[in-house]
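A structural walkthrough
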Amino acid sequence: MTAADPRPLTGEPVALDLLNTRWMREGEITDLFAGAFGLSRVEGLAVWLESTGLAGRFRADAPTLVHLLTAREALARAVADPADESARALVDAVLEHGRIRATLTAEGPGERTEFDDRTWGPAWTAARNYLELLDSAPDRIRACASETCVLHFHDTSRNGTRRWCSMAACGNRAKASRHYARTRER
């Protein structure tokens, strides 16, 4: 049985969910893959695989973790600066380890992913998901507007104006801070 996911924001697309394996807690960066909450690094990977629905397809082991950390760094750089050519090269390097093969199934056309090494599967899946996000709505990939937050989200709001990773956390703190500032002015 896998431990509960301790992260404050889950359920984002796989690429952003991978970035969100690092978050701020009590003013310090916490990393799910660095032994947070008494979990070993590989147990943190198992939690992430379970949370993203990839646990049935891929194993939580040390080589998979190394490749996933490579993908996380590549995606973090690409999201931070989409014009960074070296970041794009890092994402492409991760994508080199897999491909999509077209298939014909009883239900009709289909696709099957193939990897040169299955331990690259989760990393490749996250990098591929980033391409899908860029293809569908690159302007909806956002970092939380809080200066003390490092989380990312895919803005699915109707008008595309979401600013916070969570209204219950960062959004509420910002509203409370504005309210406090207004009451002090009076």
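One structure accompanies this document, and this report is about it.

Calculation notes
- Residues numbered from 1 in each chain as written.
- Predicted model: local features only at pLDDT ≥ 70, side-chain atom pairs only at ≥ 80, totals over all residues.
- Heavy atoms only, no water.
- Axes fitted to C-alpha atoms, helices over the stretch in contact; angles between N-to-C directions.
- Helix = DSSP H or I, 4+ residues; strand = E, 2+ residues; numbered from the N terminus.
- Parallel < 35°, antiparallel > 145°, perpendicular 65-115°, else oblique.
- Left-handed = near helix turned anticlockwise from the far one by under 90°.
- Contact = heavy atoms within 4.5 Å.
- Buried < 20%, exposed > 50% of the residue type's maximum accessible area, 1.4 Å probe, protein only.

Some details on the packing of helix H4 (residues 85-95) against helix H5 (residues 121-136)
Axis separation between H4 and H5 bottoms out at 8 Å; the angle between their running directions is 125°. Comparing their axes, H5 and H4 come out oblique. Between H4 and H5 lies a crossing of left-handed hand. Contact residues: Val91, Val94 and Leu95 in H4; Ala123, Trp124, Ala127, Arg128 and Leu131 in H5.

What about unusual backbone geometry?
In the Ramachandran plot, Glu26 falls in the positive-phi region, its phi being about 55° despite a non-glycine side chain. Topologically, Glu26 is positioned in the loop between strand S1 (22-25) and strand S2 (28-31). Residue classification places Glu26 among the exposed positions, given a relative accessible area of 74%.

Considering the environment of Ala74
Mapped onto the secondary structure, Ala74 falls in helix H3 (residues 62-80). A C-alpha to C-alpha distance of 19 Å links Ala74 and Arg118, two positions 44 residues apart in sequence. Contacts of Ala74, omitting those with residues within four sequence positions, involve Ala87, Leu90 and Val91.

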